Amino acid sequence: MDPQINDYGLDLHCTMILEEYREFLPSFRRVREIVLSELQRIIDESGLFISGIEGRVKTEESLAGKLELKGSKYRTLCDITDIVGARVITFYGEDVDKISSLVDKAFVVDWKESVDKRKLHALDSFGYDSLHFICSLPESLCKGETLPALTSIRFEIQMRTVLQHAWATISHDTGYKSGFEIPREHLRNLNRLAGMLELADEQFSLIRSSISDYRRKVDALVKGGKFEEVMLDGDTFRSYLELNPFEFLMKRIAMINQAEIQKTSSMPYLKVLQDLGFTTLADVENMRTKYSEEAYHLAVSQLGGTDIDIITSSVALQDLLTVYILSNGGGEKGLEKMYTTVGGPSAYNAVRAKQVFATASELPFMKNDF
Amino acid sequence: MELSFEKKDNLLSIRVEGRLDTITSGEFMAKIEENFSDEITDVAIDCSELVYISSSGLRVFMTLYKRTTPKGGKLILRGLTPQVGEVLNITGMANLFTIE
């Protein structure tokens, strides 16, 4: 018998369990690696956005402590199901259920031992626990492995939200469940906190769900062409751009010199539109329909005399806004402001504005309006 | 076309003189490749003596832009002449690059 094991002062039964633990420690470590790798794989494939995955093999000291407290409860090492433990921490409560479904498919779940502690609390008590599955590895994950007993080692997977995790960590630190008597006042405060975190979890899920509903609704309105009902913001403008509203003008401009179109984002122009007072997508759409022809003529006057056969896809919106600003009296200053908003401050913006203003001044839309 | 390169930390500084056209752009890109390395995130081009840029030159600029921005870097153009600046403007590229 290893003299170090004796140092824990355990009885013979517990000492034998501890010896067995030492013997199988490499297998436990390998199970931990396989479990973490498989969890990462299934979560990556699901596309779920989570806070993190962690795992550990219970230390010898920790196991000895557990055996000291309740060693007689365990007949053999196999009865202890949390020597290998993994934890998946999600941001939202409903994702815990999604993860549990993935875990069920990936591992062999022992349903008799697994508990949903979230449902165990009495109506008049607060608690804030996670979902615990006791699992083992399927044969398919152990092919080619040389270590013994990998499929018979049971392990625990906890699934919880970040707030549940925070609660579990803090309550563990305070000795909330240790059996040590906590003064009533502190216990009450801990319970209040548990209730608050549970409500916060629900609210986060509710907010996410509401935002998803809003996005779906806006997307439907945009795709249905009901632009007057859609406020102009980052999400709605992105949905609008997905409809390629400037594609026709873009292709006309490209045809001037049979140019290659380099795809670039038009999102930086959102701030310009908002600064100009556009509040709905209808405002953008009205500008597009009203000024497309003039924007095309501006492009012809700029590109027509050159052999430039490469342009970026945001040129259409740039030219539309140029015409809009000049048609509405914005002048050189208005153009300079647009360049600064989109590309950042630069002394060159004023030069650019002057050049474009000079070119545009020769076009009919400027002569009619000024 | 005359070129000079200087590397300092994550910045590759380039000075280009003359014309960036169909003939010289290939050499320009080849020299950039020789001087480019993984740690480079920003590229600064001194254009004060660049008198002409064709579509081929613009394609080199776009290549550099696409190589630097995914790393959080930028393509900086300095000392633009009105002629080169106008070309960048009418192609929509002036809004992509950092112009100093």
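Residues numbered from 1 in each chain as written. Chains lettered and ligands numbered in written order. Predicted model: local features only at pLDDT ≥ 70, side-chain atom pairs only at ≥ 80, totals over all residues. Heavy atoms only, no water.

**Q** Help me out: how do you make sense of the interface of chain B and chain A in this one?
**A** Buried accessible area, meaning the area lost when the parts come together, often serves as the stated size of an interface. Contacts between the two partners involve 22 residues from chain B, matched on the other side by 25 residues from chain A. Together, the buried faces of chain B and chain A total about 2,000 Å²; carbon and sulfur atoms form 50% of this surface. Of all residues in chain B, N89, I90 and N95 of chain B give up the largest surface area on contact with chain A, accounting jointly for 34% of the area buried on that side. The partner of R59 of chain B in a salt bridge is D309 of chain A, and the shortest N-O contact between them spans 3.4 Å. Scanning the region where chain B abuts chain A turns up 14 residue pairs in polar contact (both at pLDDT 80 or more). Among the secondary structure elements, those contributing two or more residues to the side of chain B that touches chain A are β3 (42-53), α2 (55-68) and α3 (82-90) of chain B. Per-element tally for the side of chain B that touches chain A: the top contributor is α3 of chain B, with six residues. (Contact = heavy atoms within 4.5 Å. Buried area = accessible area lost by both parts, 1.4 Å probe. Salt bridge = Lys/Arg side-chain N within 4 Å of Asp/Glu carboxyl O. Polar contact = N/O pair within 3.5 Å; in protein donor to acceptor, adjacent residues only side chain to side chain. Helix = DSSP H or I, 4+ residues; strand = E, 2+ residues; numbered from the N terminus.)

**Q** Teacher, can you tell me more about the environment of L80 of chain B here?
**A** Its place among the elements puts L80 of chain B in the loop between β4 (75-78) and α3. Overall, the relative accessible area of 14% leaves L80 of chain B in the buried class. The sequence separation of L80 of chain B and S48 of chain B amounts to 32 residues, and the corresponding C-alpha distance is 5.5 Å. With residues up to four places along the chain from it excluded, the contact list for L80 of chain B reads Y348 of chain A together with C47, G85, L88 and I99 of chain B. (Buried < 20%, exposed > 50% of the residue type's maximum accessible area, 1.4 Å probe, protein only.)

**Q** In this structure, what is going on with the domain arrangement of chain A? I would like to understand it.
**A** Per the domain assignment, the segments of chain A are domain 1 (3-165) and domain 2 (229-369). The straight-line distance from the C-alpha centre of domain 1 of chain A to that of domain 2 of chain A is 59 Å. (Domains from an automatic or database assignment.)

**Q** So what exactly am I meant to see when it comes to the packing of helix α12 (residues 331-343) of chain A against helix α13 (residues 348-361) of chain A here?
**A** When two helices pack together, you describe them by how their axes are tilted relative to each other and by the distance separating the axes. All names here are of chain A. At a closest axis distance of 8 Å, the pairing of α12 and α13 adopts a crossing angle of 130°. For the element pair α12 / α13, the angle class is oblique. Crossing angle aside, the handedness with which α12 passes α13 is right-handed. Taken together, the residues of α13 that come into contact with α12 (itself represented by G331, E332, L335, E336, Y339 and T340) are N349, A350, R352, A353, K354, V356 and F357. (Axes fitted to C-alpha atoms, helices over the stretch in contact; angles between N-to-C directions. Parallel < 35°, antiparallel > 145°, perpendicular 65-115°, else oblique. Left-handed = near helix turned anticlockwise from the far one by under 90°.)

**Q** Whenever I open this one, the packing of aromatic side chains confuses me. Can you help?
**A** Two measures describe an aromatic ring pair: the distance that separates the ring centres and the angle between the ring planes. As enumerated under the stated definition, the model contains 11 aromatic pairs over all chains in all. With a centroid separation of 6.3 Å and 25° between ring planes, the pair formed by F237 of chain A and Y240 of chain A is classed as stacked. Here F237 of chain A pairs with Y240 of chain A, and both are found in helix α7 (residues 234-242), just three residues apart, close to one helical turn. Judged on exposure class, the residue F237 of chain A and its partner Y240 of chain A are both buried. A network of ring pairs unites the aromatic residues F227, F237, Y240 and F246 of chain A as a single cluster. We note R352 of chain A situated over the ring of Y339 of chain A; from NZ or CZ to the ring centre the distance is 3.7 Å. A cation over a ring is seen here: R67 of chain B above F36 of chain B, with NZ or CZ 4.9 Å from the ring centre. (Phe/Tyr/Trp six-rings, centres within 6.5 Å; stacked < 30°, edge-to-face > 60°. Lys NZ or Arg CZ within 6 Å of the ring centre and 35° of its normal.)

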